[in-house]
Amino acid sequence: MEKWFEKQSRLVQILLLFIPVVNWLVEVLVRWSHALRKGSLGKYLIAIIVTFFGLFIGWLDMIWCLLFKHLILCD
């Protein structure tokens, strides 16, 4: 899921992170995909936090993605 998200245009990424329920779903899928691929404790903690608070973090990620072309701590 992480690779798919990174292949999308920035406009599509921003739109996916802007819509509330889609935002949470994308955050959870991308973060868990990243955590399972990298396998570090920090990535797992972020994935767990995003699972419960993904809606708010998703909006921060939308701004971060707009500025830096990737999600917070997911490069």
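Scroll up for the structure.
Rules used throughout
Residues numbered from 1 in each chain as written. Predicted model: local features only at pLDDT ≥ 70, side-chain atom pairs only at ≥ 80, totals over all residues. Heavy atoms only, no water. Phe/Tyr/Trp six-rings, centres within 6.5 Å; stacked < 30°, edge-to-face > 60°. Helix = DSSP H or I, 4+ residues; strand = E, 2+ residues; numbered from the N terminus. Buried < 20%, exposed > 50% of the residue type's maximum accessible area, 1.4 Å probe, protein only. 1 Å grid on protein atoms, 1.4 Å probe; cavity = no way out; pocket = protein on both sides within 12 Å on 5 of 7 lines; lining within 4 Å. Points joined across faces, edges and corners; volume = space filled by probe spheres on them. Nonpolar A, V, L, I, M, F, W, Y, C, P; charged D, E, K, R; others polar. Expected span 1.5 Å × (residues − 1). Contact = heavy atoms within 4.5 Å.

Considering the packing of aromatic side chains
Scanning the entire structure with this criterion turns up two aromatic pairs. Between Trp32 and Tyr44, the ring centres sit 6.4 Å apart and the planes meet at 50°, which makes this aromatic pair tilted. On the criterion of sequence distance, the pair formed by Trp32 in helix α3 (residues 20–38) and Tyr44 in helix α4 (residues 41–68) is long-range, its members being twelve residues apart. For Trp32, a relative accessible area of 29% corresponds to the partly exposed category.

Here's the deal with empty space enclosed by the protein
Summed over all chains, the structure comprises one cavity of 30 Å³ or more. Taken together, Glu2, Phe5, Glu6, Gln13, Val30, Lys69, His70, Leu71 and Cys74 form the lining of the largest cavity. It is helix α1 (residues 2–7) that provides the largest number of residues to the lining of the largest cavity, a total of three residues. Taken together, the residues of the lining of the largest cavity sort by class into four nonpolar, two polar and three charged.

Brief notes about α3
Taking 1.5 Å per residue as the helical rise, α3 with its 19 residues ought to reach 27 Å, and the 27 Å between its terminal C-alpha atoms agrees with that figure. The complete set of buried residues in α3 reads Asn23, Val26, Glu27, Val28, Val30, Arg31, His34 and Ala35. Buried residues along α3 sit in contact with α1, α2 (10–18) and α4. At the exit of α3 stands Gly39, carrying a positive phi of roughly 75°.

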